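What follows is the residue order along each chain.
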Amino acid sequence: DQQVKQNSPSLSVQEGRISILNCDYTNSMFDYFLWYKKYPAEGPTFLISISSIKDKNEDGRFTVFLNKSAKHLSLHIVPSQPGDSAVYFCAASRAWNNDMRFGAGTRLTVKP
Amino acid sequence: NAGVTQTPKFQVLKTGQSMTLQCAQDMNHEYMSWYRQDPGMGLRLIHYSVGAGITDQGEVPNGYNVSRSTTEDFPLRLLSAAPSQTSVYFCASRYRSSYNSPLHFGNGTRLTVT
């Protein structure tokens, strides 16, 4: 069962505009959420995270929003740059639990 | 600082063959894990270890064995390869003592089983 879902396999945006990537989860026990970015032929790299006690976390151009009641989180990239073109994975886990679940990924293309 | 190193980068096996995917990290991370990435499925946890001598199963452990004799190394063994094990395999590690410590991934091993 996929407990973390990214329903959009791909997203294309223009350089300078906002990119919004979405993620839904089904397990209400999850309390820690992360976004990873992956370039071809490389492993995923950590981008930003948020714990369930917050509803927003910001790091430069990247902001993650968490809506616990809807079991939904989103990643906003503003402004988008061509170098942001990659596959983005959403992940979730419970505190101190060793089983982190990942979504299927969304391929973001930022056009110059 | 090499981080997480995986070898080999590519491997082709025939059905029934066995092999070991190597993973080493130089960050003194207690926690190490193996994931497989398949199209439309994301990353799925195969096995993990919270320290030397301790291993446990993840979401998709069947057909794979692991051991952890040192902090640095966490090899993944395919006992009898099957076409369903064709995938990209990622090793990852993190500090165990902090629950919100993110995973550090290697660059992956692309395995094809014919």
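Calculation criteria
The residue numbers shown here count from 1 along each chain, following its written sequence. Labels follow written order: the first chain is A, the first ligand is 1, and so on. Local features in this predicted model are restricted to residues of pLDDT 70 or higher, and side-chain atom pairs are both shown and tallied only at a pLDDT of 80 or more, whereas totals for entire chains, interfaces and linings draw on every residue. The side-chain quantities take in all heavy atoms of the structure and omit both hydrogens and water. Accessible area is worked out with a 1.4 Å probe on protein chains only. A residue is then buried under 20% of its type maximum, exposed over 50%, and partly exposed in between. Put simply, DSSP H or I for four residues or longer makes a helix, DSSP E for two residues or longer makes a strand, and each gets a number counted from the N terminus. Two strands qualify as a pair provided that DSSP identifies no fewer than 2 bridges between them. For this analysis, residues touch if any pair of their heavy atoms sits within 4.5 Å. Salt bridge, as used here, is a side-chain nitrogen of Lys or Arg placed within 4 Å of a carboxyl oxygen of Asp or Glu. Under this definition, polar contacts are N or O atom pairs within 3.5 Å; protein pairs additionally need one hydrogen-donor-capable and one acceptor-capable atom, and for neighbouring residues in sequence, both atoms have to be side-chain atoms. Comment: axis = line fitted to C-alpha atoms, over the contacting stretch for helices; angle = value between 0 and 180 degrees taken between N-to-C directions. By convention, a stacked pair of Phe, Tyr or Trp rings (six-membered ring in the case of Trp) has centres within 6.5 Å and planes under 30 degrees apart, an edge-to-face pair has planes over 60 apart, and any other such pair is tilted. We count a charge as sitting over a ring when the NZ of a lysine or the CZ of an arginine lies within 6 Å of the ring centre and within 35 degrees of the ring normal.

A few words now on the pairing of strand E9 (residues 87-94) of chain B. All names here are of chain B. Most of E9 sits out of view: 8 of its 8 residues are buried. Burial along E9 is two-sided: the residues Ser87, Tyr89, Cys91 and Ser93 and Val88, Phe90, Ala92 and Arg94 are all buried. Bridging between strand E4 (residues 31-38) and E9 involves 7 bridges; their strand directions are antiparallel. The residue of E9 that forms the bridge with Gln37 is Val88.

Now for the interface of chain A and chain B. Across the boundary between the two partners, chain A contributes 23 residues, which contact 24 residues of chain B. A:Arg101 is the salt-bridge partner of B:Glu59, the closest N and O atoms lying 3.3 Å from each other. In this structure, the connection of chain A to chain B is made through 4 residue pairs in polar contact (both at pLDDT 80 or more). For the side of chain A that touches chain B, the secondary-structure elements that each account for two or more residues are strand E4 (32-38), strand E5 (45-51) and strand E10 (101-102) of chain A. For the side of chain A that touches chain B, the leading source of residues is E4(A), giving 4 residues.

To continue, consider the sheet that holds strand E8 (residues 72-77) of chain A. Each strand in a sheet pairs with its neighbour through backbone hydrogen bonds, running either in the same direction (parallel) or in the opposite one (antiparallel). All names here are of chain A. Strand order in this open sheet of 5 strands is E1-E3-E8-E7-E6, and the pairing throughout is antiparallel. Lying at the two open borders of the sheet, with one neighbouring strand each, are strand E1 (4-5) and strand E6 (56-59). Looking at chain direction, strand E3 (residues 19-25) and E8 are connected through 6 bridges and run antiparallel. Paired with Ile20 across the bridge in E8 is His76.

All names here are of chain B. The 4 strands are arranged E1-E3-E8-E7 in an open sheet whose pairing can be described as antiparallel. Two strands bound the open sheet, and with one partner strand each, they are strand E1 (4-7) and strand E7 (64-66). Averaged over all neighbouring strand pairs, the angle between strand axes comes to 20 degrees, with direction disregarded. Of the pairings in the sheet, the one linking E7 to strand E8 (residues 76-78) comprises 3 bridges and is antiparallel in character. The partner of Asn65 across the bridge, within E8, is Arg77.

Looking at where B:Asn107 falls in the secondary structure, it is placed in the loop between strand E10 (104-105) and strand E11 (109-113). On the accessibility criterion, B:Asn107 (49% relative accessible area) is partly exposed. A C-alpha to C-alpha distance of 6.8 Å links B:Asn107 and B:Phe90, two positions 17 residues apart in sequence. Dropping the residues within four chain positions of it, B:Asn107 is found in contact with A:Ala41, A:Glu42, A:Gly43, B:Gln6 and B:Phe90. From its side chain, B:Asn107 meets the backbone nitrogen of A:Gly43 in a polar contact 3.2 Å long.

The subject of this paragraph is the pattern of salt bridges. All names here are of chain A. If you walk through the whole model with that rule in mind, you get 7 salt bridges over all chains. A salt bridge links Asp99 to Arg101; its shortest N-O distance comes to 3.0 Å. On the basis of relative accessibility, which here comes to 21%, the residue Asp99 falls in the partly exposed class. Among the ionic contacts, a cluster of salt bridges with common partners joins Lys37, Arg61 and Asp84.

Once that is clear, we can look at the packing of aromatic side chains. The geometry of an aromatic ring pair comes down to the distance between the two centres and the angle between the two planes. For the structure on display, the rule yields 11 aromatic pairs over all chains. Feature note: the residues A:Tyr36, A:Phe46, A:Phe102, B:Tyr35, B:Phe90 and B:Phe105 constitute an aromatic cluster, connected by ring pairs. Over the ring of B:Phe74 we find B:Arg68; its NZ or CZ atom is 6.0 Å from the centre of that ring. Across from the ring centre of B:Tyr31, 4.4 Å away, lies the NZ or CZ of B:Arg94, which sits over that ring.

Interpretation in functional terms is not warranted from these geometric data alone.
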